[in-house]
Amino acid sequence: MPETDLDLLIKAARASGEIAKTFFQNEPKTWDKDDGAGPVTEADLAVNTYLEDVLRTARPEYGWLSEESLDDTKRQSNEYVFIIDPIDGTRSFIEGSRTWAHSLAIAREGRVTAAAVLLPMRDLMFSAALDQGATLNGQPLAVTRKEGFETSEILATRPALQSHHWRAGAAPEFSRHHRPSLAYRLALIAQGRFDAMLTLRPSWEWDIAAGALIVSEAGGAISDKTGRALKFNNLDPRLNGVVAAGPSLHTKIIDKLAAT
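Residues numbered from 1 in each chain as written. Predicted model: local features only at pLDDT ≥ 70, side-chain atom pairs only at ≥ 80, totals over all residues. Heavy atoms only, no water.

### As for the overall build of the chain
Keep this limit in mind: We count a stretch as a helix when DSSP gives it H or I for four or more residues in a row; a strand needs E for two or more, and each element gets its number in order from the N terminus. Type-normalised accessible area, obtained with a 1.4 Å probe on protein chains alone, sets the label of each residue: buried when under 20%, exposed when over 50%, and partly exposed for intermediate values. By the convention used here, residues are in contact when the closest approach between their heavy atoms is within 4.5 Å. Computed with a 1.4 Å probe, the accessible areas rest on the Shrake-Rupley method; for each residue, only the protein chains presented here act as cover.
Broken down by element type, the chain carries six helices and 16 strands. With the C-alpha coordinates aligned to their principal axes, the bounding extent of the chain is approximately 50 × 40 × 35 Å. Within the chain, the proportion of its 260 residues that are buried is 53%. Long-range contacts, defined as pairs at least 24 residues apart, comprise 59% of the intrachain contacts of the chain with a sequence gap of at least 6. Accessible area of the chain: about 11,800 Å², with a carbon and sulfur share of 48%.

### A closer look at the pattern of salt bridges
As a reminder, the rule being used: One side-chain nitrogen of Lys or Arg within 4 Å of one carboxyl oxygen of Asp or Glu is enough to make a salt bridge.
Considering all chains together, one arrives at eight salt bridges under this definition. The partner of Glu-18 in a salt bridge is Lys-21, with the nearest N and O atoms 3.3 Å apart. Here Glu-18 and its partner Lys-21 are both found in helix H1 (residues 5-23), three residues apart, which amounts to about one turn of the helix. Under the relative-accessibility criterion, Glu-18 is labelled partly exposed at 49%. Since its relative accessible area comes to 35%, Lys-21 is described here as partly exposed. The shortest N-O distance in the salt bridge between Arg-108 and Glu-79 comes to 2.6 Å. Highlighted residues: Arg-108 in strand E5 (residues 101-108) and Glu-79 in the loop between strand E3 (63-66) and strand E4 (80-88), separated in sequence by 29 residues.

Listed below in structure tokens is the structure:
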């Protein structure tokens, strides 16, 4: 039987974890990207090299979009495209924290069809395939059905609380939490550990693609900050913020956000 896209991503994510572990807490070479785009390490590049070789060999007809590869806009002419973040949470990786992830996705004509998010140091493998549900280490996932803000546990950065983001001129009351990896934040919504996740700044597709499918396959709703459906493999691979939650809470968050 041919290897499915999801099986391919899971296998590649696990191998990526083994590569990254050889650099983790081992003083990897680190430098800053141009234009203030954040840090990168030799581990990011080693994982990226491995993934591009293995995945593109397995699916040569698929396009390629990765944080650590020079973007080739020819990917837009491919029916399928890999959307990859070799290490999501590079700052955590550098600091020696275990909360970093490999985020691997495949999109077809703008819609994610297979996804894997692995946290190697926590032995957490989140995965999903379109219309087949989402799992954590093989066990089914489901979002919470929380409806009210006041009792909600929401993953959000401090800038998301700034008044100009909200119609009422102030953020509603809720319990704010944070995790450094966007892919992991989305996976935690799918797991039901938190009720919602929102980021209101422009967000790179490679941070979001895998987690977006995992959330939706766990019964959640996910959109940009205006409520529009997410579309992937854009010429400019940035999304207009992201909001993920159970369906009812998602609607309430969108209703309260300023339409920008």
